[in-house]
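Each chain, written out:
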Amino acid sequence: MTWLRPIIILAGLIAVWQVVIWATQVEHFILPAPAAVASALVDDWDLLLDNAGITLLEIVIGLVLGILLGCLTALTMAASTRARAWVLPVVVASQAIPVFALAPVLVVWLGFGLWSKVAMALLIIYFPVAAAFYDGLRRTDPGWLDLAQTMQASRWAVLRHIRMPAALPVLGSGMRVAAAVAPIGAIIGEWVGASAGLGHLMIQANARNETPRMYAALIILALVAVALYFLVDRLARRMTPWQSVTDPSRPANAITNAASKG
Amino acid sequence: MLPTFNPTDTITDSPTNLPGAIGVTLTGARLAYDGIVLFDGLDLTLAAATWTCLLGKSGVGKSSLLRLIAGLTAGATATDLSASDGQPLPSRIAYMAQQDLLLPWLSARDNILLGSRLRGRKAPRDRADELLAAVGLSGRAHALPATLSGGERQRVALARTLMEDRPVVLMDEPFSALDALTRHNLQDMSVTLLRGRTILLVTHDPLEALRLGDRVLVMDGEPAHFLPEITLPRTPPRPTATPEMAALHQRLLAQLGVEQDWPEGA
């Protein structure tokens, strides 16, 4: 029953889609019928797959670099208050400038290829990861810090053995948010200027009135994004194996839990 | 199932390199938060290898005093803290809190070895397993804290404290979160395993103080001072169901400001 439920939901959504088309007689170039999109999916499969691969590559590289950079920033800020005074304004500024506004600049700087999209994804991922991890590093149980102090632990040892592992669950939440927003960065980058990728394909299909192809690209993009989210979620759980024992309710994962329980 | 603990058969039978017992002297301790003086000019001496129990109403500053000795209060001034042998004190103090403070991602054994890990030393696993056995948890070396009961967790914390092998042990209500039976058991276990060390135990429970302490001190007032102390004969853990213990219990309750509204002789 659990595995059946998503299928039923999907079938229901497609049925509603079809009913809307029958009821409103909407033009096919505004909302194509499910069958038209399905045939676009089949006909353009290779094209869609090639472009999806490129978009996925952009997202994954952006995700990896963004998470690394975010963690590094959070660790730097947690390790020294002096570093924090210098780094924090930069982190906040990175979030204050809308990524959308930066897209054209990045395309000019980094070209129409992969790296301008990677940079977009990275920028959008960086903040949630850095903010979450830093927050986690700051909120270490003061009792643990007291205990470590009576054990003559160095600051570095406390960071490495207590504060960092203690912050991993919060970092996991940050990574889940990052995985959810990463595709936005890549797609915006592709809209602004690209020669390949699902975003590029959608813009092109839109301009040529090939609406079914646009919808097919959208569906592939959604599948890629969902798959990525679950992959990162799996990774985040793997990072904190003690959590499943500690707290079975796991509020940070409500979405995943709801989905996996069906 | 509650572990049974027999105070006579433990690793204390095989002598365990107990460090030379030291006393601790605190002179003229002063601590103020936000302009409120918790205590000022407070003197306290912990005699070597004895249990001193510290009672007092909530907020009187007994935990703060313990934390001050543990070196955990920033901004404490005019405090002269020294060990009876004149050597530096901080590296010879172990600390045990009300919460077990086990790291949830480490196994019981790795929690016991936390000190060596933090100091970047080689982890003496055999010793950790010996201590696990001593607190009745042999075979649970790989258990994560979340899979242990409250009493078991606090026993791991006791083993971690013993692993540090410090001559002075400061305990901040380590038994208060446990149910009565578990608490009784852990008290006995602590008395046996910590024998030969200098202990300061902060507690809310007058009976616990009478059961465990060689000396019972009550902190009172604002700023706080010590009321006349109770010195107890015989080695702990001592039975508390005797008439003189009952009288001392009454006296402590009165000092702690508990109204006694039952009739005399009841």
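**Things to note about the sheet that holds strand E2 (residues 36-46) of chain B**
Across a sheet, paired strands are connected by hydrogen bonds in the backbone, their directions being either parallel or antiparallel.
Residues and elements named next belong to chain B.
Here comes step 1: Strand order in the open sheet formed by three strands is E2-E1-E4, with antiparallel pairing between adjacent strands. Strands at the two margins of the open sheet, each flanked by one partner only, are E2 and strand E4 (80-83). For this sheet, the mean inter-axis angle between neighbouring strands, taken without regard to orientation, is 20 degrees.
Here comes step 2: In this structure, strand E1 (residues 24-33) lies alongside E2, joined through seven bridges in antiparallel fashion. Bridged to Ala32 within E2 is Val37.

**A closer look at helix H8 (residues 243-255) of chain B**
All names here are of chain B.
Here comes step 1: Taking 1.5 Å per residue as the helical rise, H8 with its 13 residues ought to reach 18 Å, and the 18 Å between its terminal C-alpha atoms agrees with that figure.
Here comes step 2: Buried within H8 are the following residues: Met245, Leu248, His249, Leu252, Leu253 and Gln255. Along H8, the residues classed as buried sweep out an arc of 155 degrees about the axis, all on the same side.
Here comes step 3: Those residues of H8 that are buried are in contact with strand E3 (51-56), helix H7 (206-212), strand E8 (215-220) and strand E10 (230-231).

**Some remarks on a nonpolar patch on the surface**
Residues and elements named next belong to chain A.
Here comes step 1: Together, Leu56, Val60, Val64, Leu65, Leu68, Val105, Val108, Trp109, Leu110 and Trp115 line one region of the surface with nonpolar side chains, adding up to about 960 Å² of accessible area.
Here comes step 2: Listed by contribution, the elements that provide at least two residues to the nonpolar patch are helix H3 (45-79) and helix H5 (99-110).
Here comes step 3: Position of Leu65 among the secondary structure elements: in helix H3.
Here comes step 4: In this structure Leu65 comes out as partly exposed when scored by relative accessible area, which is 35%.

**Thoughts on the packing of H3(A) against helix H8 (residues 155-192) of chain A**
Residues and elements named next belong to chain A.
Here comes step 1: Close contact between H3 and H8 brings their axes to 8 Å; oriented N to C, the two are set at 145 degrees. In the packing of H3 onto H8, the handedness of the crossing is right-handed.
Here comes step 2: For the contact of H3 with H8, the residue count by class is 17 nonpolar, one polar and four charged.

**Considerations on the pairing of strand E5 (residues 93-96) of chain B**
All names here are of chain B.
Here comes step 1: Side chains Ile93 and Tyr95 project from E5 onto one buried face, and the interleaved Ala94 and Met96 project onto a second face that is buried too.
Here comes step 2: Looking at chain direction, E5 and strand E6 (residues 168-172) are connected through four bridges and run parallel. Following the sheet pairing, Ala94 is matched in E6 by Val169.

**Here we look at the side chain of B:Gln154**
All names here are of chain B.
Here comes step 1: If you trace the backbone, Gln154 turns up in helix H5 (residues 150-164).
Here comes step 2: Residue classification places Gln154 among the buried positions, given a relative accessible area of 3%.
Here comes step 3: A distance of 3.0 Å separates the side chain of Gln154 from the backbone oxygen of Gln98, its partner in a polar contact.
Here comes step 4: Contacts of Gln154, omitting those with residues within four sequence positions, involve Met96, Ala97, Gln98, Gln99, Asp100, Pro174, Leu178 and Leu186.

Definitions and cut-offs
Residues numbered from 1 in each chain as written. Chains lettered and ligands numbered in written order. Predicted model: local features only at pLDDT ≥ 70, side-chain atom pairs only at ≥ 80, totals over all residues. Heavy atoms only, no water. Pairing = 2+ DSSP bridges. Helix = DSSP H or I, 4+ residues; strand = E, 2+ residues; numbered from the N terminus. Axes fitted to C-alpha atoms, helices over the stretch in contact; angles between N-to-C directions. Expected span 1.5 Å × (residues − 1). Buried < 20%, exposed > 50% of the residue type's maximum accessible area, 1.4 Å probe, protein only. Arc of directions from axis to C-beta. Contact = heavy atoms within 4.5 Å. Patch = residues over 30% accessible without salt bridge, like charges linked within 9 Å, V, L, I, M, F, W, Y side chains within 5 Å. Areas by Shrake-Rupley, 256 points an atom, 1.4 Å probe, with all protein chains shown as cover. Salt bridge = Lys/Arg side-chain N within 4 Å of Asp/Glu carboxyl O. Left-handed = near helix turned anticlockwise from the far one by under 90°. Nonpolar A, V, L, I, M, F, W, Y, C, P; charged D, E, K, R; others polar. Polar contact = N/O pair within 3.5 Å; in protein donor to acceptor, adjacent residues only side chain to side chain.

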